[in-house]
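Summary of the model geometry
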Amino acid sequence: MQTIAHQRRHTGSRYVTNLGHMPPHHRHQHQANHFDGAQYCMWAKNIGGQTYAVIDHLLSSQIAEEQ
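Okay, so let's go over this structure. As the structure is a prediction and not an experimental result, all values here were calculated from the model.

1. A short note on the overall build of the chain
Of regular secondary structure, the chain possesses three helices and zero strands. Helices (α) and strands (β) of the chain occur, in sequence order from the N terminus, as α-α-α. The 67 residues of the chain split such that 12% are buried. For the chain, contacts bridging at least 24 residues in sequence account for 41% of all contacts bridging at least 6.

Next up, the structure:
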């Protein structure tokens, strides 16, 4: 009999990242990423309000920005 570690998601985002499950080197990269969401938002604001709204929505719709 197979044990299921995580339930399958049937609705919402397909990808789910539990930051606690990342290997240490992935967590380090996640924390040390020099071009983060704040910099993407600053870049988007320079283009325009609608661009900022799209980037902000994309970044805030997932737990980890990389998704």
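2. A closer look at the environment of Asp36
Here Asp36 shows up in the loop between helix H1 (24-32) and helix H2 (37-47). Residue class for Asp36 comes out partly exposed when judged on its relative accessible area of 33%.

3. A word on H2
Those residues of H2 that sit buried are Gly37, Cys41 and Ala44. End-on, the buried residues of H2 take up no more than an arc of 65 degrees, which puts them together on one face. Opposite the buried face of H2, at more than 90 degrees from it, the exposed residues are Met42 and Asn46. Along its buried surface, H2 packs onto helix H3 (49-60).

4. Concerning the packing of H2 against H3
Their axes nearest at 7 Å, the elements H2 and H3 cross at an angle of 160 degrees. With respect to each other, H2 and H3 are oriented roughly antiparallel. The interaxial crossing formed by H2 with H3 has right-handed handedness. Facing H2, whose interface residues are Gly37, Tyr40, Cys41, Trp43, Ala44, Lys45 and Ile47, H3 presents Thr51, Tyr52, Ile55, Asp56 and Leu59. Looking at the contact of H2 with H3 residue by residue, the classes come out as eight nonpolar, two polar and two charged.

5. A closer look at the environment of Leu19
Considering the arrangement of structural elements, one finds Leu19 in the segment before H1. With near-sequence residues (within four places) excluded, Leu19 lies in contact with Arg27, His30 and Ala64.

Calculation criteria
Residues numbered from 1 in each chain as written. Predicted model: local features only at pLDDT ≥ 70, side-chain atom pairs only at ≥ 80, totals over all residues. Heavy atoms only, no water. Helix = DSSP H or I, 4+ residues; strand = E, 2+ residues; numbered from the N terminus. Buried < 20%, exposed > 50% of the residue type's maximum accessible area, 1.4 Å probe, protein only. Contact = heavy atoms within 4.5 Å. Arc of directions from axis to C-beta. Axes fitted to C-alpha atoms, helices over the stretch in contact; angles between N-to-C directions. Parallel < 35°, antiparallel > 145°, perpendicular 65-115°, else oblique. Left-handed = near helix turned anticlockwise from the far one by under 90°. Nonpolar A, V, L, I, M, F, W, Y, C, P; charged D, E, K, R; others polar.

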